[in-house]
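Notes for the structure review
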Amino acid sequence: MKKIEEMTEQEFKQEFIKWFDEEKWNQIEILGRLDHIVEHICSTWLNIKPIPVLFGENMGKISSYLDLKNQVIWLNPNNQNEYIKLLDATLHELEHYYQNFYALNFTSPKARRWKKELTNYIGLDNPAEYVLQEIEIDACAFSQIVLATEFGIMYKYPNPEIQCLIEEYINSKKIIQDD
């Protein structure tokens, strides 16, 4: 058997798949692309340190979540064949990462509102109130703006009423204002 550094990319891929499986290889490729995007978005849009994106386990219906303790974005592996959904979820969680940074480091009215919402976060167990939080509307708006601007993807929230709120938030310029 050749040493890893002596293998071609195709040989390495075949050896990896032999030891693990093709699904793991595909996950690594997807995560590599997402990590590259995270680095770009963090440096050009958010001016924060990037964090890794990984596939989680036993996530049920949750598509993604930000793990602040471990500084990682977890994605549901059940969505691995839906790249745009993974990209949207990654950008959404990346904005939550930024919101936490912003709330901890600034004292503007927006920072204070975000800090209050993050401290009193309403989770998915209360979906009606969860989607109405400014931090959730902001994360959805950020994701949609980045998807459209960077990738030409027009992604909409599945619920039309919530999508109207997101569009109103974007059009109000609250996403860029600090009041």
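The shown structure was predicted, so the numbers you read here are calculated from the model rather than taken from an experiment. (Residues numbered from 1 in each chain as written. Predicted model: local features only at pLDDT ≥ 70, side-chain atom pairs only at ≥ 80, totals over all residues. Heavy atoms only, no water.)

**Considerations on the overall build of the protein**
Selection rule: Secondary structure elements follow DSSP: runs of H or I of four or more residues count as helices, runs of E of two or more count as strands, with numbering from the N terminus. Only protein chains enter the accessibility calculation, which uses a 1.4 Å probe; a residue whose area is less than 20% of its type maximum is buried, one above 50% is exposed, and one in between is partly exposed. Whether two residues touch is decided by their heavy atoms; if any such pair falls within 4.5 Å, the residues are in contact. The protein chains shown are the only cover counted for residues, whose accessible areas, like all others here, come from Shrake-Rupley with a 1.4 Å probe. For the purpose of counting charges, residues Lys and Arg are taken to be positive, whereas Asp and Glu are taken to be negative. His and the chain ends are not included. In this description, the location of a charge corresponds to atom NZ of lysine, CZ of arginine, CG of aspartate or CD of glutamate.
The helix and strand tally for the protein stands at seven helices and three strands. When the elements of the protein are put in sequence order from the N terminus, they spell out α-α-β-β-β-α-α-α-α-α. Taken along the three principal axes of its C-alpha coordinates, the protein extends 60 × 30 × 30 Å. Out of the 179 residues in the protein, the part that is buried amounts to 41%. Intrachain contacts of the protein at a sequence separation of at least 6 include 49% that bridge at least 24 residues. By element, 55% of the accessible surface of the protein is carried by carbon and sulfur atoms, the whole surface being about 11,000 Å². On the protein, the mean spot of the 18 positive side-chain charges and the mean spot of the 29 negative ones are 3 Å from each other.

**Some remarks on the pairing of strand β2 (residues 64-67)**
Heads up, the condition is: By the convention used here, strands pair only if DSSP detects at least 2 bridges between them.
As judged from the four bridges shared by β2 and strand β3 (residues 72-75), these two strands associate in the antiparallel manner. Note that in β3 the partner of Y65 across the bridge is W74. Counting the residues in the hairpin turn of β2 and β3 gives four residues, including Q71, whose phi is positive at 55 degrees.

**Remarks on unusual backbone geometry**
Its identity is not glycine, yet N47 carries a phi of approximately 55 degrees, on the positive side. Residue placement: N47 occurs in the loop between α2 (22-46) and β1 (53-55). Classification of N47 by relative accessible area gives exposed; the value is 66%. In the Ramachandran plot, K173 falls in the positive-phi region, its phi being about 70 degrees despite a non-glycine side chain. Secondary-structure assignment places K173 in the segment after α7 (160-171).

**Quick word on the confidence of the model for the protein**
Filter applied, for reference: Residue-level confidence of the predictor is summarised by pLDDT, bounded by 0 at the bottom and 100 at the top.
Mean pLDDT over the protein: 91, with 95% of residues reaching 70 or higher. When pLDDT is averaged over each helix and strand of the protein, the minimum, 70, is found for helix α1 (residues 9-19) and the maximum, 98, for β3.

**As for the pattern of salt bridges**
Spelled out, the test is: Any carboxyl oxygen of Asp or Glu within 4 Å of a side-chain nitrogen of Lys or Arg constitutes a salt bridge here.
Going through the model one piece at a time under the given rule, you end up with two salt bridges. Residue E134 is joined to R113 by a salt bridge in which the shortest nitrogen-to-oxygen separation is 2.7 Å. Pair noted here: E134 is in helix α6 (residues 134-151) and R113 is in helix α4 (residues 109-119), with a separation of 21 residues, a long-range link. Residue R113 is classed as partly exposed on the basis of its relative accessible area of 31%. Here K156 makes a salt bridge to E167, at a shortest N to O gap of 3.4 Å. Remark: E167 occurs in helix α7 and K156 occurs in the loop between α6 and α7; sequence separation between them is eleven residues.

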